[in-house]
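Given next are the chains, with one letter for each unit.
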Amino acid sequence: MPLETFGEEQLYNLERVGSFGRFYTGNSFPIEYVMTTFSSAELSELTFARDIRPEKIDFELLLQRDIDEERVRLEMEPYLNPQQLTPAEIRSRAVFFPPLLAAIVPTKGKAMEAYYSDEQGDIQALSGNRREHIVREWPGLFKLTFFASSSPHAYRLQIYKGADDDTIEVGVQREPVQLQIRLAKGNQYGARLVIIDGQHRLFTLQKVYEKHPELLENLGVPVCILFAPNATMQKNREYASLIRVPTVPEVFRHLFVDVNSTAKQVSGHFNILLSDNTVGNIACRKFCDYVLNHIGPEGLAVIEWNTKNKKHSTIINRAYSLTSIGIIEKALAESVGSRKLLVKYLLNLDELKDALYPNGEDDSDYPTIQWDKFSISQKSILEEQIKKSLVPCLELIFFRTAEFATAFEIFLTELNRLKKLANSDQPEASEARQAISQVTDYIPIEEGKSFEGVRLIYRNFENGVKKAKDAQLPAILQYALFQRALFEAWAQLLDLARPFGLDPPSATKGLVTLLEIALQNQGQSLSTERLYLQHTVFTGNKIITREETKKNLAHLLLAHLADPIYAEQVCNDMGVPEEESGMLLDKLQDKGRTAMTEFQKAYETGCKKVFKTNYRVDLSLKNREREKLAEAEEEQRRQLREVKDGKRTKTDISEWFDSLVDEHVKHEMELARVQLENYLGYPEN
């Protein structure tokens, strides 16, 4: 609909055509809006809330934080104008900002007014056109013009017409609708379009346009313009005996708080599943697809994939879960993503060289494949290769390893009990069906007392799974750090297998065997009761939540390979040709011995560190021993200060304190060494 259809009106200095809507629930205070677009040059017509202030109401509460200009410069501007990408990469990349939310706020100068002017309505005929149009106006602020409609599907409006403030109902088209606004200039009375959501997006767009106008020359920025039609003095008078009509600043302050506290950004597992930026993201999505299509909804139910909270997305939250795609994605990035040759091997990129680089590897349209760098045309090829090469490895780890397979069987057993109840004539059958929907269909159980029975059945199901797993499986299986450690061990096994030409799924069978060895007898070698796990993995019964714990667990898993019998089992299951098995076996045993040495070093470091921290309160020591240690430590600290001040060289620092510590922890370290070697079957010296 051309703008000139509505005629000219000098009072209003901003015109937009868009789609009209009304948002409310029940008897809530309605918000109306027009969805439209602004060009980059027109974004200056929008106002940041920090640039205006109400006379009596603190409208700064509308935005609870200032614009983070450093975040805009470091994160958001590069998103629109990336400097590190090649022209080909930029052409294959899509960018988008969600709509800005702009509230029509009455102002005089820089101060906000409490209410809009009183609404007025009219029915008019267009010049040279027999068709009626409907006008709603808040004089001096803004005006809406609709096409009248007699369709039974027309949107029904109540408009004010007549001196007695009578209303009549009319039918209108939702679109196109013209919105005209008198934007206040200087100290004039008028309106401002105040951003209540998207201030960082607006600031970014303005900065990029200021620096590089050619980049945003033809950009159309989606803007949703909101107003509260009933926030007028007229309505306040009408309802004075019942309620006080909220002012415009109050309406949009509360709306801002609601929008920014209840609407969460895409994060957690959804950020992984919706992203194509890395091989790990794609692998997680393809793994979920595989599990659903080949194992079924029950298989997908034990893979946590729909956690929204970022913090919870990298741990296991449910008792019946095997793992989480947040753990898988993070573990893949840590263990595989930084190893370029391993990425090449794992995805068998040499097999696809011609398809990935049709014009040669120096072509900017087809960059050299990295974990987080590939073009959109290369992505489709990688997706198929991930399905063929990487996804089967994940399936082997989480559904073929004995312990994970047992955990899945426990889940299925308890789920079948629940299904049996759901299909019975018992009074709880309906509630059991709802509990099953929570487990397999991800339909949350509703709140309220009427659903307490469903929640009880669901809790009993979870408790049943947990009880069976506690009785049959090692507790460490549920720790995210342990699962990330097994990926690190897997990556190191793949590195050993790579020169022998083994395909990744075959090499992964070696990890499956290694895990079954390490976790035999309910994982007793990984129990908190093991002395060698204190200071390296656990403190008492609690796992040490540090990156070093993951490394120590990976070393401990690989240390089993120092046993020739275990190493041979792993080697055989990797499927290496017989003539090369001796070479691989030697490499596996070397890896085991190196891992054992590294783990023992970690134990020694941890043991000494804990002793140094706690000796002053260690009641097993005699007073004289504690005093001697304290004296030696103080001497060492003093000498370290002298080194810092240039009064002493490092070689002159006394080793008295370290020698005393070594003497006190020597017995404990020896006990831990013997215990570790006994449990791992390590050959005697």
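Engineer: It is not clear to me how the overall build of the protein should be interpreted in this structure. Could you clarify?
Structural biologist: The helix and strand inventory of the protein stands at 23 helices and 18 strands. Taking the principal axes of its C-alpha atoms as reference, the protein extends roughly 105 × 75 × 65 Å. Taken across its 685 residues, the protein has 49% of its residues classed as buried. Sequence separation of at least 24 residues holds for 68% of the intrachain contacts in the protein that already meet a minimum separation of 6. Of the roughly 35000 Å² of accessible surface on the protein, a fraction of 48% belongs to carbon and sulfur atoms. Between the mean site of the 85 positive side-chain charges and the mean site of the 100 negative ones, the protein shows a separation of 4 Å.

Engineer: Looking at this model, I keep getting lost on helix α3 (residues 199–211). Mind explaining?
Structural biologist: It helps to recall that an α-helix has 3.6 residues per turn; residues three or four apart then point in one direction. Here α3 is 13 residues long and its end C-alpha atoms lie 18 Å apart, about the 18 Å a rise of 1.5 Å per residue gives. Within α3 the residues assigned to the buried category are Gln199, His200, Arg201, Leu202, Phe203, Thr204, Leu205 and Val208. Those residues of α3 hidden inside the fold are in contact with β3 (46–47), α1 (69–80), β5 (100–108), β13 (189–197) and β14 (220–227).

Engineer: I tried to follow helix α15 (residues 452–472) on my own but got confused; where do I start?
Structural biologist: A rise of 1.5 Å per residue sets the reference length of α15, with its 21 residues, at 30 Å; its end C-alpha atoms lie 30 Å apart and thus fit the reference within 8%. Burial in α15 covers these residues: Val454, Arg455, Ile457, Tyr458, Phe461, Glu462, Gly464, Val465, Ala468 and Lys469. Where the residues of α15 are buried, they touch α13 (402–422) and α14 (429–440).

Engineer: Explanation requested: the packing of aromatic side chains in the structure shown.
Structural biologist: Per the stated rule, a full pass over the model turns up 22 aromatic pairs. Ring geometry for Phe20 versus Phe146: centroids 5.1 Å apart, planes at 85°, classification edge-to-face. Highlighted residues: Phe20 in strand β1 (residues 14–23) and Phe146 in strand β9 (residues 142–147), separated in sequence by 126 residues. Taken individually, Phe20 and Phe146 each receive the classification buried, so the pair is uniform in this respect. For the ring pair Phe487 and Trp490, a centre distance of 5.7 Å and an interplane angle of 90° mean the geometry is edge-to-face. Separated by three residues within a single helix, Phe487 and Trp490 lie in helix α16 (residues 480–497), roughly one turn from each other.

Engineer: Honestly, the pattern of salt bridges in this entry has me stumped. Any pointers?
Structural biologist: Close approach of charged atoms allows side chains of opposite charge to pair. What the rule picks out here adds up to 42 salt bridges. With a closest N to O distance of 3.0 Å, Arg237 and Asp118 form a salt bridge. Linking Arg237 in helix α4 (residues 233–238) with Asp118 in the loop between β6 (111–112) and β7 (120–125), this pair joins segments that are 119 residues apart in sequence. Arg237 sits in the exposed class, given a relative accessible area of 51%. Here Glu452 makes a salt bridge to Arg455, at a shortest N to O gap of 3.2 Å. Pair noted here: Glu452 and Arg455 are both in helix α15, with a separation of three residues, about one helical turn. Relative accessible area serves as the criterion here: at 36%, Glu452 is assigned to the partly exposed category. By relative accessible area, which is 18% here, Arg455 ends up buried. Connected through salt bridges with shared partners, the residues Arg22, Glu32, Glu119 and Arg136 form a single ionic network.

Engineer: Just checking my understanding: could you explain the side chain of Lys379 for this structure?
Structural biologist: Looking at the secondary structure, you find Lys379 in helix α12 (residues 376–400). What makes Lys379 buried here is its relative accessible area of 16%. Apart from residues lying up to four places away in sequence, Lys379 is in contact with Asp276, Ile282 and Phe374.

Engineer: Looking at this structure, how should I read the side chain of Arg626?
Structural biologist: Structurally, the position occupied by Arg626 is in helix α22 (residues 623–644). With no salt bridge to any partner, buried Arg626 finds its closest opposite charge in Asp618, at an N-O distance of 6.2 Å. Those residues in contact with Arg626 that sit more than four places away from it in its chain are Tyr615, Arg616, Asp618, Leu619 and Leu621.

Engineer: Can you walk me through the environment of Leu273 in this structure?
Structural biologist: As for its position among the elements, Leu273 is in helix α6 (residues 268–273). For the pair Leu273 and Trp305, spaced 32 residues apart in sequence, the C-alpha to C-alpha distance is 8.2 Å.

Engineer: Explain the nonpolar core to me, please; I cannot follow it from the model alone.
Structural biologist: Most often, soluble globular proteins keep nonpolar side chains buried together rather than apart. Core analysis: the biggest nonpolar cluster contains 127 residues, and Phe482, Trp490 and Leu588 have the highest contact counts within it. Top contributing element to this core by residue count: α16, with twelve residues. In this structure, Phe482 is in contact with Ile476, Leu477, Leu515, Leu519, Leu526, Leu553 and Leu557, ignoring residues within four places of it in sequence. Core analysis: the second largest hydrophobic core is formed by 61 residues, Leu46, Phe142, Leu183 and Ala191 among them.

Engineer: I tried to follow unusual backbone geometry on my own but got confused; where do I start?
Structural biologist: Excluding glycine, residues mostly have negative phi values, and the peptide bonds linking residues are mostly trans. For the peptide bond that leads from Glu175 to Pro176, omega is 0°, which places it in the cis range. Mapped onto the secondary structure, Pro176 falls in the loop between β11 (167–172) and β12 (177–181). Here the phi dihedral of Tyr442 falls at roughly 60°; this positive angle occurs in a residue that is not glycine. Of note, Tyr442 is situated in the loop between α14 and α15. Unusually for a residue other than glycine, His535 sits at a positive phi of about 80°. Mapping His535 onto the fold places it in the loop between α18 (520–523) and β17 (538–539).

Engineer: I keep staring at the packing of α12 against helix α17 (residues 504–518) and nothing clicks. Help me out?
Structural biologist: Think of two packed helices as two axes; the pair is described by the angle between the axes and how far apart they sit. Packing of α12 against α17 leaves a shortest axis separation of 9 Å and a crossing angle of 20°. Overall, the two elements α12 and α17 adopt an arrangement that is roughly parallel. Remark: the crossing between α12 and α17 carries right-handed chirality. Between α12, through Ser389, Pro392, Cys393, Leu396, Ile397 and Arg400, and α17, the contact on the second element is made entirely by Pro504, Pro505, Thr508, Lys509, Leu511, Val512 and Glu516. Classifying every residue of the contact of α12 with α17 gives eight nonpolar, two polar and three charged.

Rules used throughout
Residues numbered from 1 in each chain as written. Predicted model: local features only at pLDDT ≥ 70, side-chain atom pairs only at ≥ 80, totals over all residues. Heavy atoms only, no water. Helix = DSSP H or I, 4+ residues; strand = E, 2+ residues; numbered from the N terminus. Buried < 20%, exposed > 50% of the residue type's maximum accessible area, 1.4 Å probe, protein only. Contact = heavy atoms within 4.5 Å. Areas by Shrake-Rupley, 256 points an atom, 1.4 Å probe, with all protein chains shown as cover. Lys, Arg positive; Asp, Glu negative; His and termini not counted. Charge placed at Lys NZ, Arg CZ, Asp CG, Glu CD. Expected span 1.5 Å × (residues − 1). Phe/Tyr/Trp six-rings, centres within 6.5 Å; stacked < 30°, edge-to-face > 60°. Salt bridge = Lys/Arg side-chain N within 4 Å of Asp/Glu carboxyl O. Core = buried A, V, L, I, M, F, W, Y, C linked by side-chain atoms within 4.5 Å. Axes fitted to C-alpha atoms, helices over the stretch in contact; angles between N-to-C directions. Parallel < 35°, antiparallel > 145°, perpendicular 65-115°, else oblique. Left-handed = near helix turned anticlockwise from the far one by under 90°. Nonpolar A, V, L, I, M, F, W, Y, C, P; charged D, E, K, R; others polar.

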